[in-house]
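A structural walkthrough
As a plain string of letters, each chain reads:
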Amino acid sequence: MDRVKTLGQELLTSRAHVNNAPILISLLSSCLKNETHSDQGLEALITLQAFFLPLLRTKLATSAVKEASQRLKKKRKRIEGGENDDGEKAEDIYRNWLWSKYRELLRLLREIVVSSVPSPTLRVAAMDSLMEFARQQKQGKFQTKIYLRLISSLVHSKAIDDVILTVLLPKYFKYKDVRYFSYSGLAELVSSSSSGKYKDEDISSDNEETHTSKS
């Protein structure tokens with residue numbers, strides 16, 4: 001546990017320790033295999049959420065990630081054509097790397113929510129984190145893809161139980177947008193035979209479906 005706390009403190013205080021993020025994600029992932037790792041997994045999750053949430057307003061803002069991805073594609077073409085690269089490439093690579101780790105974390109959180117191995121406390125914390133990311137990824141708007149992928153995971157899970165449902169219903173269904181996207185998402189899943197529709201965390205575009213949050 002002390003090691004996890006040290007990794008977390010380093011990650012939150014210095015960009016020089018940004019590689020602690022994948023280490024903490026790996027530690028969190030270990031909870032899917034062994035329930036006894038849930039305490040250190042919870043500590044890792046708290047740090048990772050604290051690390052990524054502020055970045056959603058800066059380096060991981062939707063438009064910033066999209067622009068970085070587009071610049072990298074153009075630079076690759078220029079390099080292939082024999083042109084010199086410029087100094088912005090390193091920052092764009094860093095931004096895209098951060099985005100890939102964020103996507104990896106979202107996938108892992110969904111796996112934890114629907115798994116029967118981690119402790120109930122960690123599973124609930126994972127769902128709370130997903131809901132917070134859905135709320136914060138686009139400021140003032142509910143990021144529906146994150147939530148719909150969670151709903152899809154819940155529907156297709158064979159291990160889902162009352163641990164999550166007792167939190168989801170009273171805590172989040174009081175919000176109109178959550179109820180709306182729950183019902184519409186379930187209707188779409190029922191009518192579609194494609195179970196993998198929400199699996200991949202594609203880089204968001206500016207016109208990605210969102211919804212203004214309602215309290």
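All values derive from a computational prediction rather than experimental measurement.

1. Side note on the overall build of the protein
- For the protein, the helix and strand inventory stands at nine helices and two strands.
- For the protein, the N- to C-terminal ordering of α and β elements is α-α-α-α-α-α-β-α-α-α-β.
- Taken across its 215 residues, the protein has 43% of its residues classed as buried.
- Counting only contacts in the protein whose residues sit at least 6 apart along the sequence, the fraction spanning at least 24 positions is 72%.
- Counting only carbon and sulfur atoms, one obtains 50% of the accessible surface of the protein, whose full area is about 11,200 Å².

2. A word on the packing of aromatic side chains
- Summed over the entire model, instances satisfying the criterion amount to six aromatic pairs.
- When the centroid spacing of 4.9 Å and the interplanar angle of 75 degrees are considered together, the rings of F51 and F52 count as edge-to-face.
- F51 sits in the buried class, given a relative accessible area of 11%.
- Between F173 and Y183 the ring centres are 6.3 Å apart and the planes differ by 80 degrees, which places this aromatic pair in the edge-to-face class. One end of the pair, F173, is in the loop between α8 (162-172) and α9 (176-191); the other, Y183, is in helix α9, and 10 residues separate them in sequence.
- The buried category is assigned to F173, whose relative accessible area is 17%.
- Here the aromatic residues F51, F52, W99, Y102 and F133 are joined through ring pairs into a cluster of three or more.
- For R15, the ring lying beneath its charged end belongs to Y94, and the centroid distance is 3.8 Å.

3. Here's the deal with the nonpolar core
- Core analysis: the biggest nonpolar cluster contains 51 residues, and L28, L48, V113, F133 and Y147 have the highest contact counts within it.
- Elements with a minimum of two residues in this core: α1 (2-13), α2 (20-29), α3 (38-55), α5 (89-113), α6 (120-136), α7 (144-156), α8 and α9.

4. A closer look at a nonpolar patch on the surface
- A cluster of nonpolar residues, V155, Y183 and L186, forms a patch on the protein surface that exposes about 280 Å² of accessible area.
- With respect to the helices and strands, the residue L186 is situated in helix α9.
- Using a relative accessible area of 36% as the deciding quantity, one classes L186 as partly exposed.

5. Describing the confidence of the model for the protein
- When pLDDT is averaged along the protein, the result is 78; 74% of the residues meet or exceed 70.
- For the protein, strand β2 (residues 210-212) is the element with the lowest average pLDDT, namely 43, and α2 is the one with the highest, namely 96.
- Predicted confidence for residues 197-215 stays below pLDDT 50, and this span has 60 contacts to residues more than four positions away or in other chains.

Calculation criteria
- Residues numbered from 1 in each chain as written.
- Predicted model: local features only at pLDDT ≥ 70, side-chain atom pairs only at ≥ 80, totals over all residues.
- Heavy atoms only, no water.
- Helix = DSSP H or I, 4+ residues; strand = E, 2+ residues; numbered from the N terminus.
- Buried < 20%, exposed > 50% of the residue type's maximum accessible area, 1.4 Å probe, protein only.
- Contact = heavy atoms within 4.5 Å.
- Areas by Shrake-Rupley, 256 points an atom, 1.4 Å probe, with all protein chains shown as cover.
- Phe/Tyr/Trp six-rings, centres within 6.5 Å; stacked < 30°, edge-to-face > 60°.
- Lys NZ or Arg CZ within 6 Å of the ring centre and 35° of its normal.
- Core = buried A, V, L, I, M, F, W, Y, C linked by side-chain atoms within 4.5 Å.
- Patch = residues over 30% accessible without salt bridge, like charges linked within 9 Å, V, L, I, M, F, W, Y side chains within 5 Å.
- Salt bridge = Lys/Arg side-chain N within 4 Å of Asp/Glu carboxyl O.
- pLDDT = per-residue confidence, 0-100.

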